[in-house]
Amino acid sequence: MTRSDWRIGMVGLGALGLPIAVNLRQASLNLQVHTRSRRAENDPQLKGTRPCGSPAAAAENVDVLMLCVSDDTAVNNVLFGPDGAAERLQPGSIVIDCSTISPTGAQQAAIQLQQIGVHYLDAPVTGGTEGARAGTLTVLVGGNADVLKTVRPLLEVIGGSIHYMGPVGRGQQAKAVNQVLVAGSYAAVAEAIALGQRLELPMQQVIDALKSGAAGSWALNHRSEAMLQGRYPLGFKLSLHHKDLGIALEAATSVELDMPITALVEQLESELIRRGFGDDDVSALHRLNTANNGA
């Protein structure tokens, strides 16, 4: 079966899921979609796809079902809740879960799907909304290597690089490592910009100079402008990153590792969420460093 013959279901059309679905459609794939709010199913960019009223409907007669939802509970509900996808998935079909969830949650989903003859790959992504729109996401995959080989051409539609990490759950563990790095880099950029602003340096010039030096990073390149302007348009939602840090800290506890920097950023994010900024981009960490603490 060639890629163009595949029947694809997609559940979850949020900040990452929608551009992923758009890229799948632009690759001329046969696509049926569902999202909880139902609104994005009729986005003009998805013209030619089939809107579905439930995860079960989105999973009907598909070769591959892709998920991009918020957390463990959402994945469990989509797959095994009322009108869940497991009711319609056919033996031999493949679930590719691009959500960021706990490694244990991924393993449990794989076990339940295995009982009905369905394969499961945990395949969390990183690269922000920019990468999702451009089809250049980094995909971190856990599961059966032969199953990954089968669906690699599909993942290449949405990802610039696909990395096999080992058995189910390993993709999520690698994503936890990624989120720890995101936490430290965003927090450092926020503090560095705040220091430069307090010193009344020409910060755009400073940032342009530092991007090509040892301090250069994805966060500095892609989020410094937002911090300078005090605007935090959504790239990756702060509340979701906060959830991911909880997963990372739990993983660290399981191997008796102390991560004080990550724990501090998790606390800072908790404070921002308490203030009502949970739907901002993670770069909103800069709010904590602005005049009068930026409330």
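Residues numbered from 1 in each chain as written. Predicted model: local features only at pLDDT ≥ 70, side-chain atom pairs only at ≥ 80, totals over all residues. Heavy atoms only, no water.

Caption draft 1: The pattern of salt bridges, seen in detail. According to the stated counting rule, one finds ten salt bridges in the structure shown. We note a salt bridge from Glu60 to Arg88, for which the minimum N-O separation is 3.0 Å. With a gap of 28 residues between them, Glu60 in the loop between α2 (55–59) and β4 (64–67) and Arg88 in the loop between α3 (72–80) and β5 (94–97) connect regions that are remote in the sequence. Taking relative accessible area as the criterion, Glu60 reaches 33% and is therefore assigned partly exposed. (Salt bridge = Lys/Arg side-chain N within 4 Å of Asp/Glu carboxyl O. Helix = DSSP H or I, 4+ residues; strand = E, 2+ residues; numbered from the N terminus. Buried < 20%, exposed > 50% of the residue type's maximum accessible area, 1.4 Å probe, protein only.)

Caption draft 2: Highlighting the packing of aromatic side chains. Within the structure shown, the criterion is met by zero aromatic pairs. Sitting above the plane of the Phe277 ring, Arg287 keeps its charged end 3.9 Å from the centroid. (Phe/Tyr/Trp six-rings, centres within 6.5 Å; stacked < 30°, edge-to-face > 60°. Lys NZ or Arg CZ within 6 Å of the ring centre and 35° of its normal.)

Caption draft 3: Structural view of the nonpolar core. Counting 36 residues, the largest nonpolar core has Ile8, Met10, Leu24, Met66, Ile96, Leu154 and Leu155 as its most contacted members. At seven residues, helix α6 (residues 145–158) tops the list of elements feeding residues into this core. Among all residues touching Ile96, those that are not within four sequence positions of it are Val64, Leu65, Met66, Leu67, Leu121, Ala123, Val151, Leu154 and Leu155. Residues Leu79, Val95, Leu113 and Val118 belong to the second largest nonpolar core, which totals 24 residues. (Core = buried A, V, L, I, M, F, W, Y, C linked by side-chain atoms within 4.5 Å. Contact = heavy atoms within 4.5 Å.)

Caption draft 4: Focus on the side chain of Asn178. Position of Asn178 relative to the elements: it lies in helix α7 (residues 170–198). Looking at Asn178, the relative accessible area reads 19%, which means it is buried. Only 2.7 Å separates the side chain of Asn178 from the side chain of Gln179, close enough to count as a polar contact. (Polar contact = N/O pair within 3.5 Å; in protein donor to acceptor, adjacent residues only side chain to side chain.)

Caption draft 5: View of the environment of Ser93. Structurally, the position occupied by Ser93 is in the loop between α3 and β5. Owing to a relative accessible area of 2%, Ser93 belongs among the buried residues under this scheme. Here the alpha-carbon distance between Ser93 and Gln107, two residues 14 residues apart in the chain, equals 17 Å. Apart from residues no more than four positions distant in its own chain, Ser93 is found in contact with Val62, Asp63, Gly117, Val118 and His119.

Caption draft 6: Here's a closer look at the pairing of strand β2 (residues 30–34). Taking burial as the measure, the five residues of β2 include four buried ones, the bulk of the element. Bridge count between strand β1 (residues 7–11) and β2: five bridges; the pairing is parallel. Bridge pairing in β2 places Gly9 opposite Gln32. For the segment spanning β1, helix α1 (residues 17–26) and β2, crossover handedness is right-handed. (Pairing = 2+ DSSP bridges. Right-handed = clockwise from strand over helix to strand, strands pointing away.)

Caption draft 7: A look at helix α4 (residues 103–114). Taking 1.5 Å as the rise per residue, α4 with twelve residues should run 16 Å; its terminal C-alpha atoms sit 16 Å apart, in good agreement. All of the buried residues along α4 are Pro103, Gly105, Ala106, Ala109, Ala110 and Leu113. End-on, the buried residues of α4 take up no more than an arc of 160 degrees, which puts them together on one face. Buried residues in α4 make contact with α3, β5, β6 (119–122), α7 and α10 (238–254). (Expected span 1.5 Å × (residues − 1). Arc of directions from axis to C-beta.)

Caption draft 8: Region of interest: a nonpolar patch on the surface. Taken together, the side chains of Leu195, Leu199 and Leu201 make up a nonpolar region of the molecular surface, amounting to roughly 300 Å² of accessible area. When you line up the elements, Leu195 lands in helix α7. (Patch = residues over 30% accessible without salt bridge, like charges linked within 9 Å, V, L, I, M, F, W, Y side chains within 5 Å. Areas by Shrake-Rupley, 256 points an atom, 1.4 Å probe, with all protein chains shown as cover.)

Caption draft 9: Representation of the pairing of β1 within the structure. The element β1 is largely enclosed, with a buried count of four among its five residues. Pairing analysis gives four bridges linking β1 to β4, with the strands arranged parallel. Its bridge partner lying in β4, Gly9 is registered against Leu65.

Caption draft 10: View of α10. Taking 1.5 Å of rise per residue, 17 residues should cover 24 Å, and α10 covers 24 Å from first to last C-alpha, within 8% of that figure. Of the positions making up α10, those classed as buried are Leu238, His241, His242, Asp244, Leu245, Ile247, Ala248 and Ala252. Along its buried surface, α10 packs onto α4, α7 and α11 (260–274). One or two residues past the end of α10 sits Glu256, with phi positive at roughly 55 degrees.

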